[in-house]
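What the coordinates show
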Amino acid sequence: MFPLEKIQEIERIVGQRHFSAQMMLEYVSEERIHLDPGALHFYDDLFDNRSAKIGEHIISGVSLYWDPSSGHNTSDGSVCALVYFDNKSQTAFIHDVLYMLVNDDDMHPLSTQCDNVLGFMQKHKINRIGIEINGIGHALPEIMRRVADTHHMHINIIQISNHTKKETRILNAVEPLLSTGRLFMHNQIKKTMLLSEMLAWTPIGSTEHDDGLDAVAGALTMSPCPIRPLSTIMTQIRANTEFKI
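One structure accompanies this document, and this report is about it. (Residues numbered from 1 in each chain as written. Predicted model: local features only at pLDDT ≥ 70, side-chain atom pairs only at ≥ 80, totals over all residues. Heavy atoms only, no water.)

Across its full length, the chain carries 7 helices and 11 strands. Here the chain holds 245 residues, and the buried ones make up 44% of them. For the chain, the share of sequence-separated contacts (at least 6 apart) that also reach a separation of at least 24 residues comes to 71%. Accessible area for the chain stands at about 14300 Å²; split by element, carbon and sulfur atoms hold 53% of it. (Helix = DSSP H or I, 4+ residues; strand = E, 2+ residues; numbered from the N terminus. Buried < 20%, exposed > 50% of the residue type's maximum accessible area, 1.4 Å probe, protein only. Contact = heavy atoms within 4.5 Å. Areas by Shrake-Rupley, 256 points an atom, 1.4 Å probe, with all protein chains shown as cover.)

Set out below in structure tokens:
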């Protein structure tokens, strides 16, 4: 009923694990699944907002996602992830990741992190962010807006409440793109903990450090903000007023 080319396209998009389980009815044990950093495509290109391109890829959307915590050394990681999308090739670009730590004696750790995130947004010229509001994140949107007002910034906050476990979110968001060669990562991210998290991660939750992956998964699954190229040449338009009614 389906052409072979269509079946191959489906497998390329959903990944081997999902294709085997859902289309071929061949269950793949989660214990056998790993995130191989060797399957990533690394790049050095910056995002050009005039052409809306990263290298030769035309970017169609962007997501910024914050998986928050208190930011103290003894807590989970507080991580903000920026991901660009190319809908034509169905690829995703992990462009930048911000890991945040605050001093244990900081009396306002969330406000300090909001300052850092707003600086991150200014750096990348983005005014829309998704914030996970489970747990400590419940109060963050209001704090974020208050801190943004002090910086005279207008931002759009998407409040996201997660109800599935972290391992499932990461598996379903990252693994299909990674296993089909459609996940790119900027070389600057090699300086962060994200690659180490990928190496240690398993779906059965045997690692304590996966907050960067969780933030990336959030950015991959939230609805991206559409991107269009900015025109570098302003064309003057003159209305024709020489007509009779």
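Having put the structure on the table, let's press on.
On to a nonpolar patch on the surface, then. Together, Met1, Phe2, Leu4 and Ile7 give the surface a local cluster of nonpolar side chains, amounting to about 540 Å² of exposed area. With respect to the helices and strands, the residue Met1 is situated in the segment before α1 (4-14). On the basis of relative accessible area, Met1 is assigned to the exposed category, the value being 100%. (Patch = residues over 30% accessible without salt bridge, like charges linked within 9 Å, V, L, I, M, F, W, Y side chains within 5 Å. Salt bridge = Lys/Arg side-chain N within 4 Å of Asp/Glu carboxyl O.)

Taken as a whole and assessed by the stated rule, the structure comprises 5 salt bridges. Here Asp96 makes a salt bridge to Lys123, at a shortest N to O gap of 3.2 Å. Of the two residues, Asp96 is situated in strand β7 (residues 91-100) and Lys123 in helix α3 (residues 109-124); the sequence distance between them amounts to 27 residues. Its relative accessible area of 53% is what places Lys123 among the exposed residues. In this structure, the salt-bridge partner of Asp211 is Lys166, at a minimum N-O distance of 3.3 Å.

With that out of the way, let us pick up helix α7 (residues 211-221). The element α7 is largely enclosed, with a buried count of 10 among its 11 residues. Those residues of α7 that fall on the buried side of the exposure criterion are Asp211, Gly212, Leu213, Asp214, Ala215, Val216, Ala217, Gly218, Ala219 and Leu220.

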